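Residues per chain are reported as follows:
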Amino acid sequence: FCGGQLTQESLGWLSEEKKKKIREINLSVIGQYVDYLVKEQGVKNIFVNGTTGEGLSLSTQERKQLAEEWVTKGKNKLDHVIIHVGALSLPEAKELAKHAAAIGASGIAGIAPFFFKPTNKDTLVAFLREVASEAPGIPFYYYHIPPLTGVKIRVEELLDGIKEQIPTFQGVKFSDTDLLDFAQCVKNNKEQFVLLYGVDEHLLSALAIGASGAVGSTYNYLGKKNNLMLEAFAKQDLALAQRYQFCTGEFLSFVFKLGFGVAQTKAVMTFTSGIPMGPPRLPLLSASVDFIEKAKAKMESLIV
Ligand SMILES: CC(=O)N[C@H](C=O)[C@@H](O)[C@H](O)[C@H](O)CO
Ligand SMILES: CC(=O)C(=O)O
């Protein structure tokens, strides 16, 4: 999550000073957004500065400011605030990890570096271990997102023996559709790692395989429906759980055809919550007015 004010199309008529301002992060909406997520979506666990929050497009300073604001505004309201601290530069990732621990984050997470990439498990673990060791008092999660990092090291392999290397290792945010790899993680899970699934349109399948929970962008605006899906699944009402999963699927398959990414997610979050999420940062461009109109109509038409 990363707040701002206006869409990029409307930048044209603004003064240079105003333009500069809306390209900056807008911390002032975070408090409101915490209340919205808790009250309207039933979401009490937050993953900050990840994909949706464009964490990798922010400066270290901005990432620290956002982390502080979420931890502060989430106090006594949120259960967990996990800060994503992954970066290409190991010193930067370490600095962010240390900072997250110092401000009282509940946990940290890290992706694999994706310019110079680890080519095997050992180098990836060595990198993550240095990051995690800067925050020895809080859990560390590996953020597996091969469609974006290009790092395809299987999680099953990564988890084998990782606790000895990284004592704070607690789990994985698994944002990939390789459900065989995910199933192997569940099956071999002697350490009771938390296995969070991150492809929202496939969550029900991952639950059937044994996911512990989920982290995803759509829970910003379909959180309530997803919670009802989790409830139905827990009660073994598969037919009802499917109806909720099909609802997320109906919306996503519609917007995928229009072109859907983080910029469009922000637009959807804005019209759903009424809180301005601001434009994305280059190289992303704001969603078009046409997209917003169509996505909004689709969202309003969703029935379970
Ligand atoms: C690539 C990406 O952004 N993945 C997100 C989580 O990691 C998901 O929440 C997706 O946005 C969502 O499943 C829609 O495809
Ligand atoms: C969607 C998600 O989990 C992220 O923004 O990283």
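Residues numbered from 1 in each chain as written. Chains lettered and ligands numbered in written order. Predicted model: local features only at pLDDT ≥ 70, side-chain atom pairs only at ≥ 80, totals over all residues. Heavy atoms only, no water.

The chain appears in an unreviewed UniProt entry as N-acetylneuraminate lyase from Terrapene triunguis. UniProt lists a comment for the chain under the heading Catalytic activity (unreviewed entry), and it reads "aceneuramate = aldehydo-N-acetyl-D-mannosamine + pyruvate". In UniProt, the chain has this text filed under Sequence similarities (unreviewed entry): "Belongs to the DapA family. NanA subfamily." (UniProt positions renumbered as here; feature names shortened; annotations may be inferred.)

Turning our eyes to something else, we now look at the sheet that holds strand β2 (residues 80-84). Strands sit in the order β1-β2-β3-β4-β5-β6-β7 across an open sheet of seven strands; the sheet is parallel. The open sheet has two edge strands with one neighbour each: β1 (45-48) and β7 (213-214). One ladder, built from three bridges, connects β2 with strand β3 (residues 107-110); its direction is parallel. Counted as the bridge partner of Ile 82 is Gly 107 from β3. (Pairing = 2+ DSSP bridges. Helix = DSSP H or I, 4+ residues; strand = E, 2+ residues; numbered from the N terminus.)

Attention now goes to a nonpolar patch on the surface. On the surface, Leu 88, Phe 115 and Phe 116 cluster together into a nonpolar patch covering about 410 Å² of accessible area. Position of Phe 115 relative to the elements: it lies in the loop between β3 and α5 (121-132). (Patch = residues over 30% accessible without salt bridge, like charges linked within 9 Å, V, L, I, M, F, W, Y side chains within 5 Å. Areas by Shrake-Rupley, 256 points an atom, 1.4 Å probe, with all protein chains shown as cover. Salt bridge = Lys/Arg side-chain N within 4 Å of Asp/Glu carboxyl O.)

Take α5 next. An α-helical segment advances 3.6 residues per turn. Residues three or four places apart therefore align on the same side. In this model α5 runs 16 Å from its N-terminal to its C-terminal C-alpha over twelve residues, within 8% of the 16 Å that 1.5 Å per residue would give. Regarding α5, the residues found buried are Lys 121, Leu 124, Val 125, Phe 127, Leu 128, Val 131 and Ala 132. The buried residues of α5 occupy an angular sector of 160° when projected down its axis, which confines them to one face. The elements touched by buried residues of α5 are α4 (90-102), β3, β4 (140-144), α7 (155-159) and α8 (162-165). (Expected span 1.5 Å × (residues − 1). Buried < 20%, exposed > 50% of the residue type's maximum accessible area, 1.4 Å probe, protein only. Arc of directions from axis to C-beta. Contact = heavy atoms within 4.5 Å.)

Attention now moves to the side chain of Thr 60. Looking at where Thr 60 falls in the secondary structure, it is placed in helix α3 (residues 60-74). Look at Thr 60 and you get buried, because its relative accessible area is 16%. Every residue in contact with Thr 60, bar those within four places of it in the chain, is listed here: Glu 92, Glu 95 and Leu 96.

What follows deals with the packing of helix α11 (residues 219-234) against helix α12 (residues 238-258). At their nearest, the axes of α11 and α12 sit 7 Å apart, and the two run at 155° to each other. Overall, the two elements α11 and α12 adopt an arrangement that is roughly antiparallel. Note that α11 runs across α12; the crossing there is left-handed. Along the contact surface, α11 presents Tyr 221, Leu 222, Lys 225, Asn 226, Leu 228, Met 229, Ala 232 and Phe 233, while α12 presents Leu 240, Ala 241, Tyr 244, Gln 245, Cys 247, Thr 248, Phe 251 and Leu 252. Residue composition of the contact of α11 with α12, grouped by class: twelve nonpolar, three polar and one charged. (Axes fitted to C-alpha atoms, helices over the stretch in contact; angles between N-to-C directions. Parallel < 35°, antiparallel > 145°, perpendicular 65-115°, else oblique. Left-handed = near helix turned anticlockwise from the far one by under 90°. Nonpolar A, V, L, I, M, F, W, Y, C, P; charged D, E, K, R; others polar.)

With that out of the way, let us pick up the nonpolar core. Of all hydrophobic cores here, the largest spans 80 residues; its most connected members are Trp 70, Ile 83, Tyr 142, Leu 159, Phe 169 and Phe 251. Not counting the four nearest positions on each side in its chain, Tyr 142 is found in contact with Gly 110, Ile 111, Ala 112, Leu 124, Leu 128, Val 151, Leu 158, Phe 169, Gly 171, Val 172 and Lys 173. (Core = buried A, V, L, I, M, F, W, Y, C linked by side-chain atoms within 4.5 Å.)

So, on to the confidence of the model for the chain. Parts of the model with low pLDDT should not have their predicted coordinates read in detail. Per-residue confidence for the chain averages 95 on the pLDDT scale, and 96% of its residues sit at or above 70. Counting interchain partners and residues more than four positions distant, the pLDDT-below-50 stretch residues 1-9 has 43 contacts. Interface confidence for the predicted complex, given as ipTM, is 0.96, next to a pTM of 0.94. (pLDDT = per-residue confidence, 0-100.)

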